[in-house]
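Fold and geometry: a report
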Amino acid sequence: SQTIHQWPATLVQPVGSPLSLECTVEGTSNPNLYWYRQAAGRGLQLLFYSVGIGQISSEVPQNLSASRPQDRQFILSSKKLLLSDSGFYLCAWSVLDRPYEQYFGPGTRLTVT
Amino acid sequence: GQNIDQPTEMTATEGAIVQINCTYQTSGFNGLFWYQQHAGEAPTFLSYNVLDGLEEKGRFSSFLSRSKGYSYLLLKELQMKDSASYLCAVSSNSGYSTLTFGKGTMLLVSP
């Protein structure tokens, strides 16, 4: 069976500090991978998605970036965090022929102070 | 662009039936999806509709009318554990296939 891991679960970082969130998927090959952010009072916002190693598409311009160094690893980064980056960050995966049936990881709750 | 509207909150009683509506505007519609999200947890996939009509899955059913840009999620025999946020999402065939989520409907089930 497939599982998705995210870490850390919670994170408190000061403004201007760097960020690295990691997501890994087990039990499937060549998944589509996604990074979402859910801010308080707002909907789930797609940040990045990837259909393969090194292939990243950005949905929203911001100070965040994503990388996919391995088939089942997806990393979200920032060089300098802003207060507005606070939120619940969710990684998700789907199979190529059913991209809309997405399965989410447990999420990382980020607070920027 | 895409626009999705759903009520912010709804309340219902245990054992009752509740219908959560979702209206959308999108170009190149490819499907409509419902997810359930308990407080502090990740969303979980509930159902999807590509064609018009009703899809039933146990206590949950989802309906789609593409001509009206309308869907609803029907929850029967409500249980306390059904208290959660219900997210409506649509997909478009513009470039890669991605989902756009609504803000969610918070459902509170009371005894």
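Everything quoted here is computed from the prediction, not taken from an experiment. (Residues numbered from 1 in each chain as written. Chains lettered and ligands numbered in written order. Predicted model: local features only at pLDDT ≥ 70, side-chain atom pairs only at ≥ 80, totals over all residues. Heavy atoms only, no water.)

Notes on the pattern of salt bridges
Test applied: Definition used for salt bridges: Asp or Glu carboxyl oxygen within 4 Å of a side-chain nitrogen of Lys or Arg. Under the scheme used here, helices are H or I runs from DSSP no shorter than 4 residues and strands are E runs no shorter than 2 residues, and both carry numbers assigned from the N terminus. With a 1.4 Å probe rolled over the protein chains alone, any residue whose accessible area is under 20% of its type maximum counts as buried; one over 50% counts as exposed, and the rest are partly exposed.
The tally for this structure, following the rule as stated, stands at five salt bridges over all chains. Notably, a salt bridge pairs Asp 85 of chain A with Arg 37 of chain A, separated by 3.5 Å at the nearest N-O pair. Note that Asp 85 of chain A is positioned in the loop between strand E8 (73–78) and strand E9 (87–95) and Arg 37 of chain A in strand E4 (residues 32–38), a separation of 48 residues in sequence. Comparing Asp 85 of chain A with Arg 37 of chain A, the two get one shared label, buried. Its salt-bridge partner being Arg 66 of chain B, residue Asp 52 of chain B comes within 3.0 Å of it at the nearest N-O pair. With Asp 52 of chain B in the loop between strand E5 (44–49) and strand E6 (53–57) and Arg 66 of chain B in the loop between strand E7 (60–65) and strand E8 (70–75), the pair connects residues that are 14 residues apart, well separated along the chain. Residue Arg 66 of chain B is classed as partly exposed on the basis of its relative accessible area of 42%.

Some points on the sheet that holds strand E1 (residues 3–7) of chain A
Residues and elements named next belong to chain A. To keep things clear, this is the line we draw: A pair of strands counts as paired when DSSP detects no fewer than two bridges linking them. Axis angles are defined between N-to-C directions and span 0 to 180 degrees, where every axis is a line fitted to C-alpha atoms and, for a helix, only to the segment in contact.
Taking strand neighbours across the sheet as the criterion, the four strands line up as E1-E3-E8-E7 in an open arrangement whose pairing is antiparallel. Edge positions in the open sheet fall to E1 and strand E7 (64–70), since each of these has one partner strand only. Each strand of the sheet is rotated relative to its neighbour by a mean of 20 degrees, with strand direction disregarded. Sheet analysis places E1 next to strand E3 (residues 19–26), joined by five bridges and oriented antiparallel. Bridge assignment links Thr 3 to a residue of E3, and that residue is Glu 26.

From the geometry alone we can't say anything about function, so treat these as descriptive.
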